[in-house]
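Now for the letters of each chain:
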Amino acid sequence: MCFTLGTLYLRTSHYDKATEIFQKFIHYYPLSFKISFAYYKLGKAFYEQKLYLKAIDAFNKALFYSVSKEEKERIFSDIAEAYSKVGLWKKAVEYEEKRILLAGKEKVSVKLIKYSLQSGDLSSAKKLLSLFLKNTSKQGILEVLNFVNSLYSMGEREFAFNVYQKIKEHVTPQDNKEWIFALYKMADFQRKRKNIESAIDKYQKILKLTSEGYEDTSIREKVLLNLADLYYQTQKYQKASSIYLQLIKEYPKSDYLSWCLYQIANSLRHSHLLPEAQKFYTTLEEKFPQSFWTKLSKALL
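Here the structure is a predicted model, which is why all the values come from computation and not from measurement.

**Overview of the environment of Ser 13**
Then, in step 1: Along the chain, Ser 13 falls in the loop between α1 (2-11) and α2 (15-28).
Then, in step 2: Between the C-alpha atom of Ser 13 and that of Gln 49, which follows or precedes it by 36 residues, the distance is 9.7 Å.

**A closer look at the side chain of Ser 258**
Then, in step 1: Mapped onto the secondary structure, Ser 258 falls in helix α15 (residues 257-270).
Then, in step 2: In contact with Ser 258, not counting residues within four places along its chain, are Leu 284, Phe 288, Ser 291 and Trp 293.

**Remarks on the pattern of salt bridges**
Then, in step 1: With the rule as written, the count across this model stands at 14 salt bridges.
Then, in step 2: A salt bridge links Lys 61 to Asp 57, with the shortest nitrogen-to-oxygen separation between them at 3.3 Å. Here Lys 61 and its partner Asp 57 are both found in helix α4 (residues 52-65), 4 residues apart, which amounts to about one turn of the helix.
Then, in step 3: Exposure remark for Asp 57: the relative accessible area of 41% places this residue in the partly exposed category.
Then, in step 4: The closest approach of N and O atoms between Glu 158 and Arg 193, which form a salt bridge, is 2.5 Å. Separated by 35 residues along the polypeptide, Glu 158 in helix α10 (residues 157-167) and Arg 193 in the loop between α11 (177-192) and α12 (196-209) bring together distant segments of the chain.
Then, in step 5: Bridged by salt links that share partners, the residues Lys 91, Glu 94 and Lys 98 form one connected network.

**Structural notes on a nonpolar patch on the surface**
Then, in step 1: Nonpolar side chains collect at one region of the surface, where Leu 53, Val 86 and Leu 88 lie side by side and expose about 250 Å² of accessible area between them.
Then, in step 2: Relative to the assigned elements, Val 86 resides in the loop between α5 (69-85) and α6 (89-103).

Quick notes on the rules
- Residues numbered from 1 in each chain as written.
- Predicted model: local features only at pLDDT ≥ 70, side-chain atom pairs only at ≥ 80, totals over all residues.
- Heavy atoms only, no water.
- Helix = DSSP H or I, 4+ residues; strand = E, 2+ residues; numbered from the N terminus.
- Contact = heavy atoms within 4.5 Å.
- Salt bridge = Lys/Arg side-chain N within 4 Å of Asp/Glu carboxyl O.
- Buried < 20%, exposed > 50% of the residue type's maximum accessible area, 1.4 Å probe, protein only.
- Patch = residues over 30% accessible without salt bridge, like charges linked within 9 Å, V, L, I, M, F, W, Y side chains within 5 Å.
- Areas by Shrake-Rupley, 256 points an atom, 1.4 Å probe, with all protein chains shown as cover.

Here it is, written out as structure tokens:
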């Protein structure tokens, strides 16, 4: 009865009452065949209260009394997750590795990649990610895309780009926004490597997938800006001015407005449309009199 009541409290989110019940059960019935479950459920109650170190202690005691392989696997997983909550990532890695070794079904898991990445062990994270991608499904690819994006942001651009190249045939951009972000990183990588046509192609694909009103406005805004800049750099001034105008229309409060006005005027000037260029230089001066681009534009006139 006592054990059942504690389980009921746990299920109904009365974690403090569940804690009290399981502690009493452990105190009065230390030789019960349910002692492992009692320690485990006590650990879960502590975990839900964010008392992670106490949860780890209870889980380890549950591990000591547990007999089945399935129980041990579950406890190893929960200990790893509790360690991750307190930032002890190497301990999280240790217990997730124990779970994987015990299970014997896999060599790597999404959680193991996550813990390795968070621990700062980028070398291990990359090896684990490469191994995971060799033996995973499309859904598995989607699960780890954010890790690839994180590695890119942490400076591992070459590695991330190579991963993107390997998996792009297996994932459609509609699958989730992580893939759209990955496309953006691929385009950004190509842009910085001066592979202009390839970068333009990817930016155009992103624009088609993130039509006006797309939820992550920052991505679309940056894509419009980078695409317009690339067109300008390659002297495709008509296309450049068109994209700059599109950015102004979609994002009237953008931080890039003064730059866009300046570049539209420059594009028109390079196209020998001086009266039209003058109109945009004038608009730039009226709206942003103190802007660096306004001062620079005066030197061009």
